[in-house]
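Listed below are the residues making up each chain.
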Amino acid sequence: MNACLFCKIVKKEIPAKVVFESDDILAFYDVNPQAPVHILLIPKRHRENLLALQKNEDHLFLDEMVTAVKQIVRDRNIDVKGFRLVANTGPDGGQTVSHLHFHLLGGRSMTWPPG
């Protein structure tokens, strides 16, 4: 039995406020936002993190992910002032759900270093 939170969201077992969906990607608002715009983008097929990506089979997925990000930031008017795209990987990288996901943050000025 797969207990992955994001897999359950993909299967519609857990509700989410979806902002983008394709055959391979689901994007939805984070339930604990860290910025006025905080959207998570995930592959529908479970991959643990960036290190689990395979060169030959995942290059199209990454291209689609970037295309989705561009559409989402334009739709929310955060493309002009800027945004941050983050993929936490592993415990020291801050990854709390073991399913590859990208945080899209915008709507405010981002600081550096992030943490």
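Small disclaimer: the values here were computed from a predicted structure and weren't measured.

Caption draft 1: Highlighting the nonpolar core. Of all hydrophobic cores here, the largest spans 18 residues; its most connected members are Phe-20, Ala-27, Ile-39, Leu-41, Ile-72 and Leu-104. At 6 residues, the largest contribution of residues to this core is made by helix H2 (residues 55-75). With sequence-adjacent residues up to four places away left out, Ala-27 is seen in contact with Lys-17, Val-18, Val-19, Phe-20, Ile-39, Leu-40, Leu-41 and Ile-72. Counting 10 residues, the second largest nonpolar core, distinct from the first, contains Phe-6, Val-10, Phe-28 and Leu-40.

Caption draft 2: Spotlight on the confidence of the model for the protein chain. Per-residue confidence for the protein chain gives a mean pLDDT of 93, with 97% of residues at or over 70. Mean pLDDT across the elements of the protein chain ranges from a minimum in H2, with 90, to a maximum in strand E2 (residues 25-29), with 98.

Caption draft 3: Structural detail: unusual backbone geometry. With omega at 0°, the peptide bond leading from Trp-112 into Pro-113 counts as cis. Along the polypeptide, Pro-113 turns up in the segment after strand E5 (102-106). Backbone geometry places Lys-12, a non-glycine residue, at a positive phi of 65°. Locating Lys-12 in the fold gives a position in the loop between helix H1 (5-10) and strand E1 (18-21). Backbone geometry at Asn-77 places phi at a positive 55°, although glycine is not the residue there. In this fold, Asn-77 is placed in the loop between H2 and strand E4 (83-86). The exposure class of Asn-77 is exposed, given its relative accessible area of 62%.

Caption draft 4: A look at H2. The first and last C-alpha atoms of H2 sit 30 Å apart over 21 residues, in line with the 30 Å expected at 1.5 Å per residue. Three or more residues of H2 are buried, namely Asp-58, Phe-61, Met-65, Ala-68, Val-69, Ile-72 and Val-73. Relative to the axis of H2, the buried residues are bounded by an arc of 120° and lie together on one face. Looking at H2, the residues exposed on the side facing more than 90 degrees away from the buried face are Asn-56 and Leu-60. A positive phi of about 55° marks Asn-77, the residue just after H2.

Conventions used here
- Residues numbered from 1 in each chain as written.
- Predicted model: local features only at pLDDT ≥ 70, side-chain atom pairs only at ≥ 80, totals over all residues.
- Heavy atoms only, no water.
- Core = buried A, V, L, I, M, F, W, Y, C linked by side-chain atoms within 4.5 Å.
- Buried < 20%, exposed > 50% of the residue type's maximum accessible area, 1.4 Å probe, protein only.
- Helix = DSSP H or I, 4+ residues; strand = E, 2+ residues; numbered from the N terminus.
- Contact = heavy atoms within 4.5 Å.
- pLDDT = per-residue confidence, 0-100.
- Expected span 1.5 Å × (residues − 1).
- Arc of directions from axis to C-beta.

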